[in-house]
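A structural walkthrough
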Amino acid sequence: MNLVPTRVQLNRPLPPLTYLAPEGLPPGVRVRVKVRNSLAVGLAVGPDPAPPAAKLRPIEGVVDPFPLLPARLRELHAFAARYYGCLEAHLLPLSLPQALLPNWEADEDGQSLSLHRDRGAWGALAELGEAWHRDPGLLPTLLHRPALRGAGFTEVRLTGVPHPPRVTPAQAKVLLALEEAGGALMEPDLLGAAGVGPSVLGTLEKRGLVLRMKRVDLLAQRRSAGADRTVTLNAEQEVALAAVALGAFGVHLLHGVTGSGKTEVYLALAERVLAGWKRVLWLVPEIGLTASLLERLEARFPGRVAVGHAGLNAGERHGDVVRLLFNGADLFVGVRNAVMAPLRDIGLIVVDEEQEGSYKSEEHPRVHARDLAIKRAQLEGCPIVLGSATPSLESWHAAQSGRYRLLQLRQRPAGITLPRVEIVDLREAYRQQRRKVILAPALMQALAETLGRREQALLLLNRRGYENFWMCRACGRTLGCPHCAISLTYHRGDFRLRCHLCGHETVPPEACPDCGADHLRGVGEGTEQVEEHLRQLFPASRVLRLDRDTTRRRGSLEAGLLAAEAGEVDILVGTQMLAKGHTFPRLTLVGVINADQGLKVADFRASERTFQLLTQVAGRAGRAELPGRVILQTYSPEHPAITFALAQDFEGFAASELPFREGLGYPPFTALSLYRAEAETPREAREALESFRQRLSIPGLRILGPLEAPVPRIKDRWRMHLLLKGGRGALGEVLVRHPLEAAGAVSLDRDPLQFG
Ligand code: ADP
Ligand code: ZN
């Protein structure tokens, strides 16, 4: 076999490296290579026209016989790599887990694919690959390997042993169904198609006519199918359903409060799409809170649902990816990365809670799953539905200006009344009490009444720990993290001062390390302190705190939420993780300890986020027959984010906020690219951005910076920002003309959401 210099992209911050690889190796095939002395999997990207002069190493092996990703998904990778300024190899692990290193078995002629591969018969393999991409059923054995056997999900296939002269009618049905399907089917499908019971398969297997092979699908075993409960859609839901044209690209924004029936619209659409033999990609912001959604999906589409998320172990994820590659699943539910799932023939994409920041990756590559989902829908030529009670202003503006189609569910769901929302002015409370107020009298009284009626209350404070920071009253010094430019938070539970950015912790000192005075005082309360306060005020009540400190163990958040759902908790106190997801039937009081907390952040989205959080948490109250009450404690009762949350008026909020965005030149009116530099010293970080800025030669951009990042140092690295404002085209042009060094100090965050 002839070896030629070939470029290989690794999933590392490196430019493609050049190795010797078989001539004709198709781009998009994974290869195993040695980097220094460790093995890595990379993506072949084609011959290197100008190979380095140094002696080249050969690759260690070819992983795939042909590119595994469907062609449209490869197009999406190429688009995302261009748009976000990353390498396609950085996106590959989002589509194919590293663990997916199959052992290639026989093709239909009994020829080993590995053999073709080892002989370098790329032409033959390319043909097989094309055929497989057209119809993965053609090569059903492709991804089998012994390690995959042993759990759930069985495929049945013909062995090719000649039929004996006599088989029973039931056996004949099975053999015919298999033959019609090209030789192999998943067991449930086969039994359905042949209309027989599983015992027939056992007999056929004993006679050597069929073979049963297990595929991994632990999730399907774990999920129990609940009863299907198909509802009759109301008029608004019908209008929304009819408005989504299947078979053509179109972006739809489905706006309706929680419980207004958005999920039922997605389900009805999915049903139509699946009936037409197309597939559904369904994105959710967090998998931990979707247990009830999965039950609904499994009940409606039994055996056709696969789930992908980071919380699963490798085997489970692997199993679902195998199913996707094999067309074993028609509906794929997942978080952010699922937008890159190797699903074919997509007929519908759903993005629920489209405004959620968790759709954006805060690590390289910093892709936004909602935005990529729109691109993917365009490439697939299918509709996409973005759903939300409080849409992002980007999506809302697009709907207002006609680029997206706006679908609204305005009817209140039956049996649910709007909660009564009130404001408590904390300045007033302070004037009256002349000391720090955690719970103002109005909230305290409402709590007592709620507990007296044996109902539940939820208190939200978006700050964990006991006290926000410690300060010396004598010299004014705040105890800060030695590695980061933020103060340490006091955690009373384990008597530590802790950095919430790098995890650095220390036993609190008795005296000020600077001036020696013993005047250290804690400032600002966190959830831990609120919990303590509540236990003192209501000693007979069961208080449960849920924040990142109490939910470190896997499953503990779910366990806590379930306990609350079962009525085993009287007062829930915690951070924003309480704001969404579960519904508590006896929850009638929601208190927000400090509603304007999020407004103090230097971020043009502070107001939008505060409005979303308050609306979301207010929606927790009074979901069932019991009327709800919401109390917002605030120092700025006149702020629009608070007043519109008070009125639960999303459209009013959007109308008041958008002009500010336009005036200041922020999204959705202008696009942003945030270039970040990190270095050992502030000077290096600044110089890296300065030199980048000086090279910039694209007209029509506004350039801000370099400026210190809001948190100028994290983990001993100094951080600077350079913000580019302009049209998407101009910002894209910057990437083309001024590409970043792969391992340089500067990195790009396109359409940034976090500025910290
Ligand atoms: P959302 O996704 O907007 O939060 P869901 O679709 O989950 O709302 O609906 C909330 C509840 O109301 C669910 O239990 C759902 O089954 C029920 N529901 C929705 N639409 C209808 C309808 N047309 N008729 C009866 N029940 C409905
Ligand atoms: Zn730190």
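**Section: the site of ligand 1**
Surrounding ligand 1, one finds 15 residues, the nearest of these being Thr232, Gln237, Gly259, Thr263 and Glu264. The separation between a nitrogen atom of ligand 1 and a polar main-chain atom of Asn234 is 3.5 Å. Between ligand 1 and the protein, one listed contact pairs a nitrogen atom with a side-chain N or O atom of Gln237 at 2.8 Å. With the chains in place, 70% of the 560 Å² that ligand 1 exposes on its own is no longer accessible. Among the residues forming the shell around ligand 1, the class breakdown is three nonpolar, eight polar and four charged.

**Some remarks on the sheet that holds strand β5 (residues 61-62)**
Either a parallel or an antiparallel arrangement is found when strands of a sheet pair, and the pairing is made through backbone hydrogen bonds. The five strands are arranged β2-β1-β4-β3-β5 in an open sheet whose pairing can be described as antiparallel. Edge strands, defined here as strands with exactly one partner in the open sheet, are β2 (17-22) and β5. Here strand β3 (residues 30-35) runs beside strand β4 (residues 38-47); their pairing, made up of six bridges, is antiparallel. If you follow Val35 over to β4, its bridge partner there is Ser38. Relative to strand β1 (residues 3-10), helix α2 (residues 88-95) is tilted by about 65°, and along the sheet it contacts β1, β3 and β4.

**Regarding the coordination of the zinc ion (ligand 2)**
Only Cys481 (SG), Cys484 (SG), Cys499 (SG) and Cys502 (SG) from the protein reach the zinc ion (ligand 2) as donors, at distances of 2.3 to 2.4 Å. Relative to the metal, the four donor atoms surrounding the zinc ion (ligand 2) lie at angles of 107 to 112°, and the coordination shape comes out tetrahedral. Read in sequence order, the donor residues coordinating the zinc ion (ligand 2) give the pattern C-x2-C-x14-C-x2-C. Taken together, the residues Cys484 in the loop between β18 (467-472) and β19 (489-491) and Cys499 in the loop between β20 (496-498) and β21 (505-506) connect sequence positions 15 residues apart. A relative accessible area of 2% means that Cys499 is categorised as buried.

**A word on helix α10 (residues 262-275)**
For α10, with 14 residues, the first-to-last C-alpha span of 20 Å sits near the 20 Å given by 1.5 Å per residue. Burial analysis of α10 places 11 of its 14 residues in the buried class, the great majority of the element. Listing the buried residues of α10 in full gives Lys262, Thr263, Glu264, Val265, Tyr266, Leu267, Ala268, Leu269, Ala270, Val273 and Leu274. The first or second residue beyond α10 is Trp277, which carries a positive phi of 60°.

**Observations concerning helix α21 (residues 650-664)**
Across its 15 residues, α21 extends 21 Å between first and last C-alpha, which sits within 8% of the 21 Å expected from 1.5 Å per residue. Those residues of α21 that sit buried are Phe650, Gly652, Phe653, Ala654, Glu657, Leu658 and Arg661. Where the residues of α21 are buried, they touch β9 (250-256), α14 (393-400), α19 (606-618) and α20 (640-647). One side-chain oxygen of the residue at the start of α21 lies 3.4 Å from the amide nitrogen of Glu651, identifying that residue as Asp649. Looking one or two residues past α21, Gly665 carries a phi angle of roughly 70°, positive in sign.

**Digging into the environment of Trp122**
Structurally, Trp122 can be placed in helix α4 (residues 122-134). Owing to a relative accessible area of 5%, Trp122 belongs among the buried residues under this scheme. Taking the C-alpha atoms as reference points, Trp122 and Pro26, separated by 96 residues in sequence, lie 7.4 Å from one another.

**A few points about the pairing of strand β24 (residues 571-574)**
Across the two faces of β24 the burial is the same, with Ile571 and Val573 and Leu572 and Gly574 all buried. Pairing between strand β17 (residues 456-460) and β24: four bridges, direction parallel. Opposite Leu458, over in β24, you have Leu572 as the bridge partner. Strand direction decides the pairing type here: strand β23 (residues 543-546) and β24, joined by four bridges, are parallel.

**Topic: the nonpolar core**
Side chains of a nonpolar character, in soluble globular proteins, are inclined to be buried together. Membership of the largest hydrophobic core comes to 80 residues, with the highest contact counts inside it found for Leu283, Ile349, Leu372, Ile384 and Leu458. No other element matches the seven residues that helix α1 (residues 71-84) contributes to this core. Those residues in contact with Ile384 that sit more than four places away from it in its chain are Phe249, Gly250, Val251, His252, Ile349, Val351, Ala373, Ile374 and Ala377.

**Looking at the pattern of salt bridges**
Applying the stated criterion across every chain yields a total of 43 salt bridges. Notably, a salt bridge pairs Arg304 with Asp330, separated by 2.6 Å at the nearest N-O pair. Of this pair, Arg304 sits in the loop between α11 (291-300) and β11 (305-308) while Asp330 sits in the loop between α12 (314-325) and β12 (331-334); the two residues are 26 residues apart in sequence, bridging distant segments of the chain. The salt bridge partner of Glu657 is Arg661, with a shortest N-O separation of 3.9 Å. One end of the pair is Glu657 and the other is Arg661, both in helix α21 and four residues apart, which spans about a single turn.

**Concerning unusual backbone geometry**
Of note, the amide linkage connecting Pro667 to Pro668 takes the cis form, showing an omega dihedral of 5°. Considering the arrangement of structural elements, one finds Pro668 in the loop between α21 and β27 (671-679). Omega for the bond connecting Gly705 with Pro706 falls within 30 degrees of zero, at 5°, which places this linkage in the cis form. Position of Pro706 among the secondary structure elements: in strand β28 (residues 702-714). Its identity is not glycine, yet Trp277 carries a phi of approximately 60°, on the positive side. Mapping Trp277 onto the fold places it in the loop between α10 and β10 (279-283). The class of Trp277 is exposed, set by a relative accessible area of 71%. If you check the backbone angles, Asp751 has positive phi at about 50° while not being a glycine. Secondary-structure assignment places Asp751 in the segment after β30 (746-750). Judged by relative accessible area, which is 12%, Asp751 ranks as buried.

What counts and what doesn't
Residues numbered from 1 in each chain as written. Chains lettered and ligands numbered in written order. Predicted model: local features only at pLDDT ≥ 70, side-chain atom pairs only at ≥ 80, totals over all residues. Heavy atoms only, no water. Near = heavy atom within 4 Å. Polar contact = N/O pair within 3.5 Å; in protein donor to acceptor, adjacent residues only side chain to side chain. Areas by Shrake-Rupley, 256 points an atom, 1.4 Å probe, with all protein chains shown as cover. Nonpolar A, V, L, I, M, F, W, Y, C, P; charged D, E, K, R; others polar. Pairing = 2+ DSSP bridges. Helix = DSSP H or I, 4+ residues; strand = E, 2+ residues; numbered from the N terminus. Contact = heavy atoms within 4.5 Å. Axes fitted to C-alpha atoms, helices over the stretch in contact; angles between N-to-C directions. Donors = N, O, S within 2.8 Å, 3.2 Å for Na, K, Ca; no water. Tetrahedral: all angles 85-135°; square planar, octahedral: opposite > 155°, others 65-115°. Buried < 20%, exposed > 50% of the residue type's maximum accessible area, 1.4 Å probe, protein only. Expected span 1.5 Å × (residues − 1). Core = buried A, V, L, I, M, F, W, Y, C linked by side-chain atoms within 4.5 Å. Salt bridge = Lys/Arg side-chain N within 4 Å of Asp/Glu carboxyl O.

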